[in-house]
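# A look at the structure
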Amino acid sequence: AGAYSGRSAEDSFDHFEDQRMDNLDFLKSLPEEAAGRTGVHRRMGPLTVEQIVSEWAFHDLGHIRQIAEIIRALKYYPHMGPFQTQYKINP
């Protein structure tokens, strides 16, 4: 039901990759000492650039894990025969 629900998987991956490349280019343009800069989020309070970047990576890796689980469940699991009893899938 989110922003990606109406897109093809290929378009979604392209968008994901473009956004991440833009973010990386921006982060590379910052001076090293920027990691310690602090801003104030209206709900979370003070946050450093380093904390935000860590959250971005954590968040993105969560999506990558979700994608891997969907592939495991749809592409490989159905063809594993008796090995299915050895695994719990959670796509």
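Quick notes on the rules
- Residues numbered from 1 in each chain as written.
- Predicted model: local features only at pLDDT ≥ 70, side-chain atom pairs only at ≥ 80, totals over all residues.
- Heavy atoms only, no water.
- Patch = residues over 30% accessible without salt bridge, like charges linked within 9 Å, V, L, I, M, F, W, Y side chains within 5 Å.
- Areas by Shrake-Rupley, 256 points an atom, 1.4 Å probe, with all protein chains shown as cover.
- Salt bridge = Lys/Arg side-chain N within 4 Å of Asp/Glu carboxyl O.
- Helix = DSSP H or I, 4+ residues; strand = E, 2+ residues; numbered from the N terminus.
- Pairing = 2+ DSSP bridges.
- pLDDT = per-residue confidence, 0-100.

### Focus on a nonpolar patch on the surface
A surface patch of nonpolar side chains, about 370 Å² in accessible area, is lined by Phe13, Ile67, Ile71 and Tyr76. By residue number, the principal contributor to the nonpolar patch is helix α2 (residues 49-76), which donates three residues. With respect to the element layout, Phe13 can be found in helix α1 (residues 9-29).

### Quick word on the pairing of strand β1 (residues 38-41)
Taken together, the four bridges between β1 and strand β2 (residues 45-48) define a ladder with antiparallel strand orientation. Note on β2: the bridge partner recorded for His41 is Gly45. Counting the residues between successive antiparallel strands, the hairpin from β1 to β2 contains three residues.

### Observations concerning the confidence of the model for the protein chain
For the protein chain, per-residue confidence averages 90 on the pLDDT scale, and 95% of positions sit at 70 or higher. Averaged over each element, pLDDT in the protein chain is lowest for α1 (89) and highest for β2 (97).

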